[in-house]
Amino acid sequence: MSKLKINIILFGIGNIGSTLINQIIESQEFFLQSKNIDFHFPIITNSTVAFFEKEGVGYAWETNFVQLAVPFKVEDIIEFAKENEFENLIAVDATASDELISHYNTLIQNGFNIVAVNKKANTLPLDLYKEIRENLKKYDKEFLYETSVDTGFPVLQTLRDLYYSGEKITRIRGVFSDNLSYVFNRFSNEETTFSSVLKDASLLGLMRSTFKEDLSGNDTAKKLLILTREIGKDFELSDIKINSIINEEHLEKNGILNKEAIDRYFKISKITQADNHVLRYVGEFDVEKNTLEVKLVSESAASAIGQLKGSDTIFEIYTQSYADVPIVIQSASACKQAISRGIITDILKVAEKIKNKEAVWL
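Residues numbered from 1 in each chain as written. Predicted model: local features only at pLDDT ≥ 70, side-chain atom pairs only at ≥ 80, totals over all residues. Heavy atoms only, no water.

1. Re the packing of helix α10 (residues 194-203) against helix α13 (residues 259-271)
- At a minimum axis separation of 7 Å, α10 and α13 run at an interaxial angle of 110°. Comparing the axis directions of α10 and α13 gives the class roughly perpendicular. On α13, the residues that touch Phe194, Ser195 and Leu198 of α10 are Lys259, Ile262, Asp263 and Phe266.
- Across the contact of α10 with α13, the residue classes break down as 4 nonpolar, 1 polar and 2 charged. (Axes fitted to C-alpha atoms, helices over the stretch in contact; angles between N-to-C directions. Helix = DSSP H or I, 4+ residues; strand = E, 2+ residues; numbered from the N terminus. Parallel < 35°, antiparallel > 145°, perpendicular 65-115°, else oblique. Contact = heavy atoms within 4.5 Å. Nonpolar A, V, L, I, M, F, W, Y, C, P; charged D, E, K, R; others polar.)

Right under this line is the structure:
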């Protein structure tokens with residue numbers, strides 16, 4: 001059986017994108033032997049320039065990118081793919097770009113499947129969210145995004161499998177932010193102030209790019225929205241009640257954090273808990289009540305959520321069949337290597353579907 005050539009168009013060569021290229025190049029022989037799949041990267045981009053290489057990039061891709069990349073538009077990428085008659089196209093969105101998701105429909109219409117870390121396409125207003133699905137169906141393309149909510153552990157796949165099996169899901173709950181998991185694990189288990197833990201988290205780089213997004217509760221809310229839409233619920237982000245960690249009462253008039261106010265608030269929250277309880281910041285969808293909320297809770301230290309360590313995240317899925325015993329998916333802190341492997345898992349799933357479609361036509 002001839003090998004299947006997959007052309008990956010990579011948007012974003014930051015930490016995750018760079019790791020993805022290197023992991024696939026290093027594992028190329030393994031994919032050929034185990035899957036009979038030959039991966040190529042004919043186009044790689046950052047936010048402003050792209051490197052075009054018909055035969056695909058190799059080990060020297062970083063040097064070539066610096067020397068040969070040129071300014072581009074998405075239309076240039078589509079045109080290059082057409083000119084070179086690239087088949088089996090997968091656009092990998094390893095960005096956090098608003099701009100790129102506006103081109104998803106155009107990419108799909110021009111033969112691209114999509115694999116994304118970027119969560120923004122799945123938190124769009126419902127009409128735009130559904131337009132992408134309509135185009136996927138019309139043009140028979142795939143869109144996978146497991147790493148948009150976790151490192152690549154099969155949270156979304158598990159939800160889909162349960163939903164499409166006819167299982168009644170009654171509640172989805174969990175700690176979805178690795179940054180906030182770290183903050184509340186430290187604060188709950190140490191004699192320290194909340195502001196000092198936030199400072200340590202910033203110094204460690206845990207909140208470098210998502211500080212406001214995490215503390216506002218928006219990141220957790222967006223992940224909760226993605227989870228609920230996977231089981232057929234037509235919610236908007238505005239339907240989620242978000243109880244932010246940092247409120248106006250915790251800020252000075254100039255917007256700077258009022259350490260005294262926030263430390264006092266969280267000290268009271270900590271010492272007024274029941275014995276053997278810890279603070280956790282959770283997202284929760286109660287299906288029967290039809291309510292979505294992101295909030296700070298006091299959790300038994302003996303529970304799955306209460307036992308979290310370090311920067312672990314956790315997803316609990318409650319169903320009719322399992323009653324009060326949730327299906328629990330827990331993972332360690334998101335690192336670029338783990339996220340990249342999660343992207344590869346999604347890429348392989350798309351490749352297998354392409355292979356199956358080709359087999360039908362043979």
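Now that the structure has been shown, we can carry on.
2. Brief notes about the pairing of strand β6 (residues 112-116)
- Counting buried residues along β6, 5 of its 5 residues qualify, which places the element largely inside the surrounding structure.
- Neither face of β6 is left uncovered, since the one carrying Phe112, Ile114 and Ala116 and the one carrying Asn113 and Val115 both have all their residues buried.
- Across 5 bridges, the pairing between strand β5 (residues 89-93) and β6 is parallel. Bridge assignment links Ile90 to a residue of β6, and that residue is Asn113.
- Where β6 lies against strand β7 (residues 143-144), 2 bridges are found, and the strand directions are parallel. Residue Val115 lies in a different strand from β7, and its bridge partner there is Leu144.
- Handedness of the crossover joining β6 and β7 through helix α7 (residues 126-139) is recorded here as right-handed. (Buried < 20%, exposed > 50% of the residue type's maximum accessible area, 1.4 Å probe, protein only. Pairing = 2+ DSSP bridges. Right-handed = clockwise from strand over helix to strand, strands pointing away.)

3. With respect to the sheet that holds strand β13 (residues 327-331)
- Spatially, β9-β11-β10-β8-β12-β13 is the arrangement adopted by the 6 strands of the open sheet, whose pairing is mixed. Edge positions in the sheet fall to β9 (241-242) and β13, since each has one partner strand and no second.
- Across 5 bridges, strand β12 (residues 313-319) lies against β13 in antiparallel orientation. In the strand pairing of β13, Ile317 is matched with Ile327.
- In the packing of helix α9 (residues 178-189) onto the sheet, the strands contacted are β8 (169-175), β10 (277-286), β11 (291-300) and β12, and the crossing angle to β10 comes to about 150°.
- Packing of helix α12 (residues 218-230) onto the sheet brings it into contact with β8, β9, β10, β11 and β12, and relative to β10 it is tilted by some 40°.

4. What to know about the pattern of salt bridges
- Enumeration over the complete set of coordinates arrives at 22 salt bridges.
- Here Asp234 ties to Lys130 by a salt bridge, and the two come within 2.9 Å at their closest N and O atoms. Taken as a pair, Asp234 in the loop between α12 and β9 and Lys130 in helix α7 lie far apart in primary sequence, 104 residues in all.
- The partly exposed category is assigned to Asp234, whose relative accessible area is 46%.
- Where Arg173 meets Glu299, a salt bridge forms, and the shortest distance between an N and an O atom there is 2.8 Å. Of this pair, Arg173 sits in strand β8 while Glu299 sits in strand β11, and the two are 126 residues apart along the sequence. Across this residue pair, the class does not change: Arg173 and Glu299 are buried. (Salt bridge = Lys/Arg side-chain N within 4 Å of Asp/Glu carboxyl O.)

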